[in-house]
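Observations on the model geometry
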Amino acid sequence: MAVAGVCAAPGASADPIGPTFRFVYSVKVTSTHTAAVNRDRVLATCSAGKGGTCSISKSRSVARTIDLGLGVSRGFVAGQLGWSKSSSVTVTAQCTSPVFTKSGQVYRAYPQGIRKRYTITKKTYSYGSKKPKLIRIETTGGVAFNPKGVSCYLS
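Residues numbered from 1 in each chain as written. Predicted model: local features only at pLDDT ≥ 70, side-chain atom pairs only at ≥ 80, totals over all residues. Heavy atoms only, no water.

What follows deals with the pairing of strand 7 (residues 107–127). Across 15 bridges, the pairing between strand 2 (residues 20–37) and strand 7 is antiparallel. Opposite His 33, over in strand 7, you have Arg 115 as the bridge partner. Pairing of strand 3 (residues 44–46) with strand 7, which is carried by three bridges, proceeds in the antiparallel orientation. Its bridge partner lying in strand 7, Thr 45 is registered against Arg 108. (Pairing = 2+ DSSP bridges. Helix = DSSP H or I, 4+ residues; strand = E, 2+ residues; numbered from the N terminus.)

On to the state of the cysteines, then. Counted under the stated rule, the structure contains two disulfides. Here Cys 95 is linked by a disulfide to Cys 152, with a sulfur-sulfur distance of 2.0 Å. Given an S-S torsion of about 70°, the disulfide between Cys 95 and Cys 152 has right-handed geometry. Taken together, the positions of Cys 95 in strand 6 (residues 88–96) and Cys 152 in strand 8 (residues 133–154) put the pair 57 residues apart, joining distant regions of the chain. Exposure remark for Cys 95: the relative accessible area of 11% places this residue in the buried category. (Disulfide = S-S within 2.5 Å. Buried < 20%, exposed > 50% of the residue type's maximum accessible area, 1.4 Å probe, protein only.)

Within helix 1 (residues 74–81), the full set of buried residues consists of Phe 76, Val 77, Ala 78, Gln 80 and Leu 81. Taken from the residues just after helix 1, Gly 82 is the one with a positive phi, measuring 85°.

Further remarks concern the packing of aromatic side chains. Inspection of the entire model under this criterion finds one aromatic pair. Considering the side-chain rings of Tyr 110 and Tyr 153, the 6.1 Å spacing of their centres and the 50° angle between planes classify their relative orientation as tilted. A residue pair is termed long-range when its members are at least 10 positions apart, and Tyr 110 in strand 7 and Tyr 153 in strand 8 qualify at 43 residues. The ring of Tyr 110 carries the charged tip of Arg 39 above its face, separated from the ring centre by 5.2 Å. (Phe/Tyr/Trp six-rings, centres within 6.5 Å; stacked < 30°, edge-to-face > 60°. Lys NZ or Arg CZ within 6 Å of the ring centre and 35° of its normal.)

Rendered as structure tokens:
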């Protein structure tokens, strides 16, 4: 599902008589993965000997990551993704491991949530004595992760 939005930012001009610039931003979601696991962040671990089990019960604050670029604000991108602009979310791990089949295994809890890939487009308009003129279009890609829960794996 594609989401697009526009944010206009006033421009500036060093010459008070010359043109001014206006920047118009848009965000378009290119893909959404609703059960993404962030394996770069271990929330908690436990271990047991061969034949044993262990449990993880822990709450943690996990960063909501949003890639930015081209001068767009975090709040604007978050809003276009349908998320709040808060920088973290608290998730709770409640996992019990399967039976350990060998020694040295570790049971790990990772944040799980929604990962969205998107493009940010910035259009620059020049305002002089005539109507607005589009003078530049820039685009960049971004990835955002919004934690919603926890997934646990034995390794």
